[in-house]
Amino acid sequence: MVEHLLDKQGVTGSSPVTPTISSGRARRSAGAPPLFVFPAGASLPKGIAMSQSASSGPDLSHYPGGEELYRLRHSAAHVLATAVTELFPDVKVAGGPPVDGGFYYDFAKATPFTPEDLEKIEARMREIVALDQKFEYAEATREEAAQIWKDEKYKLHFLSVIPDGAKVTTYRNGNFLDLCRGPHVESTGKLKAFKLTHFAGAYWLGSEKNEMLQRIYGTAFASQADLDAHLQRIEESLKRDHRKLGRELDLFSIHEEVGAGLVHWHPKLGMVRHMLESFWKEEHLKGGYQLVYTPHISSEKLYEISGHLQNYGDIMYAPMQVDEQAFRVKPMNCPNHIMIYNSRKHSYRELPIRFAELGTVYRYERSGVLHGMERVRGFTQDDSHIFCTPDQLQSEIEGVLKLMHKLLSTCGYEYHCYLATRPADKYIGSDAEWDFATNALRQALETAGLPYEIDEGGGAFYAPKIDVKLKDALGREWQCPTIQVDLNLPKRFGVYFTGPDGQDHEVIMLHRALYGSLERFVGIFIEHTGGEFPVWVAPTQAMIVPVNPKALEYAEQTAEMLRAAGVRVEVDARDEKLGAKIRDGELQKVPYLIVVGPRDIEAGTCAPRRKGQGDLGTMPREQIVERIREEIRTRAH
RNA sequence: GCCCACUUAGCUCAGUCGGUAGAGCAUCUCCAUGGUAAGGAGAAGGUCGCCGGUUCGAAUCCGGCAGUGGGCUCCA
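About the cut-offs
- Residues numbered from 1 in each chain as written.
- Chains lettered and ligands numbered in written order.
- Predicted model: local features only at pLDDT ≥ 70, side-chain atom pairs only at ≥ 80, totals over all residues.
- Heavy atoms only, no water.
- Pairing = 2+ DSSP bridges.
- Helix = DSSP H or I, 4+ residues; strand = E, 2+ residues; numbered from the N terminus.
- Axes fitted to C-alpha atoms, helices over the stretch in contact; angles between N-to-C directions.
- Expected span 1.5 Å × (residues − 1).
- Buried < 20%, exposed > 50% of the residue type's maximum accessible area, 1.4 Å probe, protein only.
- Parallel < 35°, antiparallel > 145°, perpendicular 65-115°, else oblique.
- Left-handed = near helix turned anticlockwise from the far one by under 90°.
- Contact = heavy atoms within 4.5 Å.
- Nonpolar A, V, L, I, M, F, W, Y, C, P; charged D, E, K, R; others polar.
- Near = heavy atom within 4 Å.
- Polar contact = N/O pair within 3.5 Å; in protein donor to acceptor, adjacent residues only side chain to side chain.

Participant: Looking at this structure, I do not really get the sheet that holds strand S13 (residues 297-299). What am I missing?
Facilitator: Two strands in a sheet stick together by hydrogen bonds in their backbones, pointing the same way (parallel) or opposite ways (antiparallel). With antiparallel pairing, the three strands of this open sheet are ordered in space as S13-S15-S14. Pairing within the sheet leaves two strands with one partner each, and these edge strands are S13 and strand S14 (320-322). Geometrically, the sheet is characterised by an average inter-axis angle of 40 degrees between neighbouring strands, direction not taken into account. Looking at chain direction, S14 and strand S15 (residues 325-329) are connected through three bridges and run antiparallel. Bridging across to S15, Val322 finds its partner in Gln325.

This is the structure in structure tokens:
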């Protein structure tokens, strides 16, 4: 069996290799935990960590969908690799883990796969499933493994990173042998429902310094019904894509003539933004923030002092030469806020000082990362910098978390936090400073009772931070709120307060954005709501629909009642049939369509229809005015 | 930035073998006076993303650029 195996792998060396063969099932029943190999740098599903010890398998219970689904997808990845190596003998195999929602496998291939290749591969996979090949477990010595994969540089890399003392484990199905820690299903026949979904380039080991491999993505489920439901869900999600709704609801546009990643907000989305900004200002003023406004461009000198030019120069727009001085469009607001702070001396009695600005910044993001409103080149951060003493830091963070919760929960979000700690290699400041700042963030999270995950090494080079990521329609995460303790700028700019001792002390600077950027936040908000905005932000809150022109005057009168109550209301006076006006109102996702006709005129009634609920029946006009007013007042979602 | 794919009317899309372009919706005009998801008729609307090449002839084939989409990498 082993010889057969080696032959298929093209191993022709004279030294016989004899891995111990045992079935995965036998091995598990013997009490040994399942093992599996991830390519380093592969994006792992949340909660699944690469185990450092081969003797302790990872906890698969965190895998979304559970361990069984994990096995299924992991095995599907092997079947994919089996099919690919059979159809394309020249490919080199890299790695293929299950990921959230599916699996992938990476291959090195001289020419990229085509859509037709994908069909052939999937067809071959179905044949392999029909063959019901057993997944067979075997252990090998390092020398044996090195011999087996001597022509597979990617596998040799994975072999080289298996920790000393750990077992080298393999799984084989048919002619395909993989360096792998499992676990797998018993045989390929268990794969009842799978589908290859797409393919894309992916850097080897996730580093753009390395060559690009060809990655094929797929998904697998326990049953065809589950798979169909999954595909159906994706199809439904695509209908909530903010780029699609942006066109359909006339919300925003991006123009080639203007530039990629530069958003034009149309009137309706302008109203949504206005409402979110008003709410934001109201809450910030209540929270002791002071509004500031700063220039959009500044001398390049500012960014030399801040260090941004050195560290972020490649994302800044090129300089403009004015009066023999180089100016830059601002990529962040912090230096300007420091300028305001440093324009005079500050006593410890004044602290904390909280400057807030809806500050528009421009960053030259690489073209491949742009994504509708969610990743753009010009955006407005709901930015704030808090200058405080070390003693005040923790309570300030707590205050920020409280404010963040108010904004996010009002918009209808549930969220979870990441505590991003010091990066492994590049960072500034002392261990003591990092510990102090990181502990303050952690303590604040715990005081606030917010669950969080540690994002080890995910901090900025200048600061640990709390990040909150919100999901778009397809479940992709986007970083929105961020709270960062800045260990860098106070030193570079010399930001001090005068203490009770009459001496200058360095301030602690907290940098935070709670929506993150209005563009990204609103983009996700569109997807979160599916374009059905809560009444308090809806551009048009109510549409009066006269049954026929005879009811037009009564419709205007009804609109006036609502307007007087602070409701954004319009009258659909078009010469269309009622059914058509209802349909258009529904498609435009107006929260309240209020039908009025001859029957209502005498009784003073109307027939409102709530988006998502349908016809509410006939009621006095005063009643609907009150209902809508209340919904706006409470910012119901 | 990298890999792959795509770009035809305002929107969603057809367009065969290379022979100068089509539908539905939206828009405009007229007719229809209507109670909860599309009333009817007609008109107008396109330098087929841009630049170059091959060809008697290019939406169609080739190259470059731009933009968009899916990923990778990077980030609010």
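Next comes the rest of the write-up.
Participant: Looking at this structure, I do not really get helix H3 (residues 67-87). What am I missing?
Facilitator: Owing to its 3.6 residues per turn, the α-helix aligns residues three or four sequence positions apart on the same side. Taking 1.5 Å as the rise per residue, H3 with 21 residues should run 30 Å; its terminal C-alpha atoms sit 30 Å apart, in good agreement. Judged by how many residues are buried, H3 sits mostly within the fold: 16 of 21 residues are covered.

Participant: Would you take a moment to explain the packing of helix H9 (residues 267-286) against helix H16 (residues 518-529) for this structure?
Facilitator: Angle between the axes and distance between the axes: these two values describe a pair of packed helices. Taken N-terminus to C-terminus, the directions of H9 and H16 make an angle of 110 degrees; their axes are 11 Å apart at the nearest point. In terms of axis orientation, H9 runs roughly perpendicular to H16. Classified by chirality, the crossing of H16 by H9 is right-handed. Taken together, the residues of H16 that come into contact with H9 (itself represented by Leu269, Val272, Arg273, Leu276 and Glu277) are Leu518, Glu519, Phe521, Val522, Phe525 and Ile526. By residue class, the composition of the contact of H9 with H16 is eight nonpolar, no polar and three charged.

Participant: Got a minute to help me understand the protein's contact with RNA strand B in this structure?
Facilitator: Around RNA strand B, 59 residues are found, and the nearest of them are Tyr203, Gln479, Asn548, Asp575 and Arg599. Each atom of RNA strand B within 4 Å of the protein was assigned to sugar, phosphate or base; sugar and phosphate come to 48%. A distance of 2.9 Å is found between a base nitrogen of RNA strand B and a side-chain nitrogen or oxygen belonging to Arg583. At 3.1 Å from a base oxygen of RNA strand B is found a side-chain nitrogen or oxygen belonging to Arg609.

Any functional reading would require information beyond the geometric quantities listed.
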